[in-house]
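Examination of the molecular architecture
Here is what each chain is made of, one letter per residue.
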Amino acid sequence: MSDRESDRGRVGDRDQQYDLLTAAVLGAVIGAGAALLLRRGPTGRRPISPLARVAGGAAVDAAKWANKSGRRGARWAAKRGGELWDRVPVDEVREEIGDAMDAAREAVADVVEAELKDLRKAIRRQRKRLGV
């Protein structure tokens, strides 16, 4: 192995170690942030309670608006959409959506399988490096 190839190997290992360290630090930061948000303060309330209350109110308002808009859209579709619905090729649409779902499911499965394979390799390399 030439010096250049060994340098590339060391740089790649170093990058992987930095990636692992970065992931660990991000996990710790996210965990600490969640703990701070979910802890109880001196008053006995959680710091996230006011934010959750506001978000809950906004969600209720959004649900009311969606309900109103949905009813209006359904009435419009009932008045004008009956004759159009008869022209929709339902079986073709169902088949195309099914094919797209199958393709997406296979693509996700392939990506997950490849990621698991890479993760197993990385774990094996770390174990080997640590002598475990």
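Residues numbered from 1 in each chain as written. Predicted model: local features only at pLDDT ≥ 70, side-chain atom pairs only at ≥ 80, totals over all residues. Heavy atoms only, no water.

**Looking at the overall build of the protein**
Of the regular secondary structure elements, the protein holds four helices and zero strands. Shown N-terminal to C-terminal, the secondary structure of the protein runs as helices and strands in the order α-α-α-α. Counting every atom, the protein has about 11,800 Å² of accessible surface; 61% of that belongs to carbon and sulfur. (Helix = DSSP H or I, 4+ residues; strand = E, 2+ residues; numbered from the N terminus. Areas by Shrake-Rupley, 256 points an atom, 1.4 Å probe, with all protein chains shown as cover.)

**Considering the layout of surface pockets**
Size it by volume and the largest pocket reaches roughly 200 Å³. The set of elements that each furnish at least two residues to the lining of the largest pocket consists of α1 (3-38) and α4 (90-130). Element by element, the count of residues in the lining of the largest pocket is highest for α4, at six residues. Partitioning the lining of the largest pocket into residue classes produces four nonpolar, two polar and three charged. (1 Å grid on protein atoms, 1.4 Å probe; cavity = no way out; pocket = protein on both sides within 12 Å on 5 of 7 lines; lining within 4 Å. Points joined across faces, edges and corners; volume = space filled by probe spheres on them. Nonpolar A, V, L, I, M, F, W, Y, C, P; charged D, E, K, R; others polar.)

**Some thoughts on α4**
Look at α4: 59 Å from first C-alpha to last across 41 residues, which is about the 60 Å you get at 1.5 Å a residue. Positive backbone phi, approximately 80°, marks glycine 131, located one or two places after α4. (Expected span 1.5 Å × (residues − 1).)

**Things to note about the confidence of the model for the protein**
Confidence in the prediction of the protein, expressed as mean pLDDT, is 82, and 89% of residues score 70 or more. The secondary-structure element of the protein with the lowest mean pLDDT is helix α3 (residues 82-86), recorded at 74, while α4 shows the highest, at 90. (pLDDT = per-residue confidence, 0-100.)

**Some thoughts on a nonpolar patch on the surface**
Residues Trp85, Val88, Val90, Val93, Ile97 and Met101 make up a contiguous nonpolar surface patch of roughly 540 Å² in combined accessible area. If one sorts the elements of the nonpolar patch by residue count, α4 sits on top with four residues. Looking at the element boundaries, valine 90 is found in helix α4. (Patch = residues over 30% accessible without salt bridge, like charges linked within 9 Å, V, L, I, M, F, W, Y side chains within 5 Å. Salt bridge = Lys/Arg side-chain N within 4 Å of Asp/Glu carboxyl O.)

**Concerning a negative patch on the surface**
Together, Glu92, Glu95, Glu96 and Asp99 make up a negatively charged patch on the protein surface. Looking at where glutamate 95 falls in the secondary structure, it is placed in helix α4. (Lys, Arg positive; Asp, Glu negative; His and termini not counted. Charge placed at Lys NZ, Arg CZ, Asp CG, Glu CD.)

**Re the pattern of salt bridges**
Evaluated as defined, the whole model comprises two salt bridges. Arginine 94 is the salt-bridge partner of aspartate 91, the closest N and O atoms lying 3.3 Å from each other. Of this pair, aspartate 91 and arginine 94 both sit in helix α4, three residues apart, which is roughly one turn of that helix. Notably, a salt bridge pairs aspartate 102 with arginine 105, separated by 2.9 Å at the nearest N-O pair. Of the two residues, aspartate 102 and arginine 105 both sit in helix α4, three residues apart, roughly one turn of that helix. By relative accessible area, aspartate 102 is classed as partly exposed at 37%. (Buried < 20%, exposed > 50% of the residue type's maximum accessible area, 1.4 Å probe, protein only.)

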